[in-house]
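Observations on the model geometry
For reference, the chains in residue letters:
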Amino acid sequence: MENRVLIREFNEARDVEVVAELRENGELVGVVRGCIKSVGTKFEGQIVKLGCILGLRVSPRHRRMGIGFHLVKSVEEWLMRNGAHYTFLATEKNNVASTNLFTSRCNYMNFSSLFIFVQPVSLSLKVLSQDIKIEKLQIDQAISLYNNKLRSKDLFPTDIHSILKEKLSLGTWVSYFKEEAWFDFENNKENNNEGTIIAKTSPSSWVMFSIWNSCEAYKIHKSKSHHPFFKFLHATLSHAKVKIVPCIGVRMPIGSSLGNPFGFLFLYGLYGEGERLGELMKSVLSFASRLAENVKHCKMIITELGVSDPLIQHVPRESSISCIQDLWYLKKVNCVADDNKEERMMMEQFGNVFVDPREF
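Residues numbered from 1 in each chain as written. Predicted model: local features only at pLDDT ≥ 70, side-chain atom pairs only at ≥ 80, totals over all residues. Heavy atoms only, no water.

With respect to the overall build of the chain
- In terms of regular secondary structure, the chain is built from nine helices and 13 strands.
- Buried positions account for 52% of the 360 residues belonging to the chain.
- In the chain, once contacts between residues fewer than 6 apart in sequence are set aside, the share between residues at least 24 apart is 75%.
- By element, 48% of the accessible surface of the chain is carried by carbon and sulfur atoms, the whole surface being about 17400 Å². (Helix = DSSP H or I, 4+ residues; strand = E, 2+ residues; numbered from the N terminus. Buried < 20%, exposed > 50% of the residue type's maximum accessible area, 1.4 Å probe, protein only. Contact = heavy atoms within 4.5 Å. Areas by Shrake-Rupley, 256 points an atom, 1.4 Å probe, with all protein chains shown as cover.)

A look at the nonpolar core
- Formed by 47 residues in total, the largest nonpolar core has its most connected members in Leu155, Phe266, Ile302, Trp328, Leu330 and Met345.
- What Leu330 contacts, discounting residues up to four positions off in sequence, is Leu50, Tyr86, Thr87, Phe88, Tyr108, Met109, Phe111, Met345 and Met346. (Core = buried A, V, L, I, M, F, W, Y, C linked by side-chain atoms within 4.5 Å.)

Thoughts on the side chain of Ser169
- The residue Ser169 is located in strand β9 (residues 169-177) in this model.
- In this structure Ser169 comes out as buried when scored by relative accessible area, which is 11%.
- Those residues in contact with Ser169 that sit more than four places away from it in its chain are Ile163, Leu164, Ile211, Trp212 and Tyr268.

So, the pattern of salt bridges
- The full count for this structure, using the stated rule, is 16 salt bridges.
- Residues Asp159 and Arg358 are paired through a salt bridge, measuring 2.9 Å at the closest nitrogen-oxygen approach. Of this pair, Asp159 sits in the loop between β8 (155-157) and α4 (160-164) while Arg358 sits in the segment after α9 (339-347), and the two are 199 residues apart along the sequence.
- With its nearest N and O atoms 3.4 Å apart, the salt bridge here joins Glu279 to Arg276.
- Of the residues examined, Arg276 reaches a relative accessible area of 32% and is grouped as partly exposed.
- One salt-bridge network, in which partners are shared between bridges, spans Lys37, Asp159, Asp356, Arg358 and Glu359. (Salt bridge = Lys/Arg side-chain N within 4 Å of Asp/Glu carboxyl O.)

Quick look at the packing of aromatic side chains
- This structure, assessed with the given rule, holds 13 aromatic pairs.
- Geometrically, the ring pair formed by Phe43 and Phe350 is edge-to-face, given 6.1 Å between the ring centres and 85 degrees between the ring planes. Here Phe43 is found in the loop between β3 (28-41) and β4 (47-58), whereas its partner Phe350 is found in the segment after α9, with 307 residues between them in sequence.
- Between Phe111 and Phe350, the ring centres sit 5.5 Å apart and the planes meet at 65 degrees, which makes this aromatic pair edge-to-face. With a gap of 239 residues between them, Phe111 in strand β6 (residues 109-120) and Phe350 in the segment after α9 connect regions that are remote in the sequence. (Phe/Tyr/Trp six-rings, centres within 6.5 Å; stacked < 30°, edge-to-face > 60°.)

Quick word on helix α8 (residues 277-292)
- With 16 residues, α8 extends 22 Å between its outermost C-alpha atoms, agreeing within 8% with the 22 Å of an ideal straight helix rising 1.5 Å per residue.
- Looking at the buried residues of α8, the elements they touch are β6, β7 (132-136), β9, β10 (206-213), β11 (263-273) and β12 (298-306). (Expected span 1.5 Å × (residues − 1).)

A word on the packing of helix α1 (residues 67-81) against helix α2 (residues 96-105)
- Here α1 crosses α2 at 55 degrees, and the two axes come no closer than 11 Å. Between α1 and α2, the angle is such that the two are oblique. Here the hand of the crossing between α1 and α2 comes out right-handed. Listed contacts from α2 to Gly68, Phe69 and Val72 of α1 are Leu101, Phe102 and Arg105.
- Tallied by class, residues from the contact of α1 with α2 come to four nonpolar, one polar and one charged. (Axes fitted to C-alpha atoms, helices over the stretch in contact; angles between N-to-C directions. Parallel < 35°, antiparallel > 145°, perpendicular 65-115°, else oblique. Left-handed = near helix turned anticlockwise from the far one by under 90°. Nonpolar A, V, L, I, M, F, W, Y, C, P; charged D, E, K, R; others polar.)

Brief notes about α1
- Here α1 contains 15 residues, and its C-alpha end-to-end distance of 21 Å stays within 8% of the 21 Å for a straight helix at 1.5 Å per residue.
- If you check which residues of α1 are buried, you get Ile67, Gly68, Phe69, Leu71, Val72, Ser74, Val75, Glu76, Trp78 and Leu79.
- One or two positions beyond α1, positive phi appears at Gly83, with a value near 95 degrees.

Examining the state of the cysteines
- Applying the stated rule across the entire model yields zero disulfides.
- Between Cys35, a cysteine without a disulfide, and Cys52, which holds the nearest cysteine sulfur, the sulfur-to-sulfur distance is 4.5 Å.
- Its relative accessible area of 10% is what places Cys35 among the buried residues. (Disulfide = S-S within 2.5 Å.)

Here's the deal with the pairing of β12
- Within β12, eight of the nine residues are buried, leaving the element largely enclosed by the surrounding structure.
- As paired strands, β6 and β12 are joined by seven bridges and run antiparallel to one another. In the strand pairing of β12, Ile116 is matched with Glu304.
- Where β11 lies against β12, five bridges are found, and the strand directions are parallel. Each bridged residue has a counterpart across the sheet, and for Phe264 the counterpart in β12 is Met300. (Pairing = 2+ DSSP bridges.)

Written as structure tokens, this is what we have:
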């Protein structure tokens, strides 16, 4: 493979893109991206630097040549040099080739299993219950509420404020029954001058969710199409298309590309409490579907939940909602301060995780 293929890195401030090119003519035949982020874990006080390996793709005509393996190893080396404690990647369960590459050749261990729920906008229910209220939070309220609740997750971002302030994040909402009062928000600035939520009253059942606009992400990526990484990206199917299109039975012509507008709204940061979550989750999907009708090129509503997320059993079982199982893999590449927590990190399953919309 080394004689035929050249591996090149393109470094940016916080991430790296690695491309594989044929030496004979410079044809791009593979890409992968890597970035590092700090995440909190279910082990109290443990913050780790997680190196994320994203968007691994190899041209169909050049598979089984070891290109995927060399791309993964190259991005791993960059992540290790930049201080990652662990490296992470994901693939759908039925992708046998990727699963074998990650586990047999790259020595990754499965540490989480999730389900991606997909609903076409054209087939979704858009009727909102008259008994349920959906209220948009101010961004400081959303940040405070997430900071208060994220610690119940097995894995969560430490920069939720950055995610919520991204241009692609459309906002955060809460869904609850009109017969009950919502939280009273008060700013308490005694702790490091940061506002926290004081709940004088709270509903017995409620769901919080945020929405990410991938349709705008498509436009941003398209504007960078001069870059080799994005040039190849737009000559192949996106990560989302690869997973989602087969699941909903849409036929894609051979050679189809991202030149055909294809976007979706991604529901992230879902969290709920109470016994009437099924009704509330249905209202959340209906609300998102209504919103999607006004977003150009939006074809689907998507969310992803871990196998032990309390909300997963309350996702509506509609015939229009398809489901894909996603497997997450982990490998230790650098030591962390606490050996006991490090050992447990590799041994235990993480079933209730926050899915970062920036990496979907």
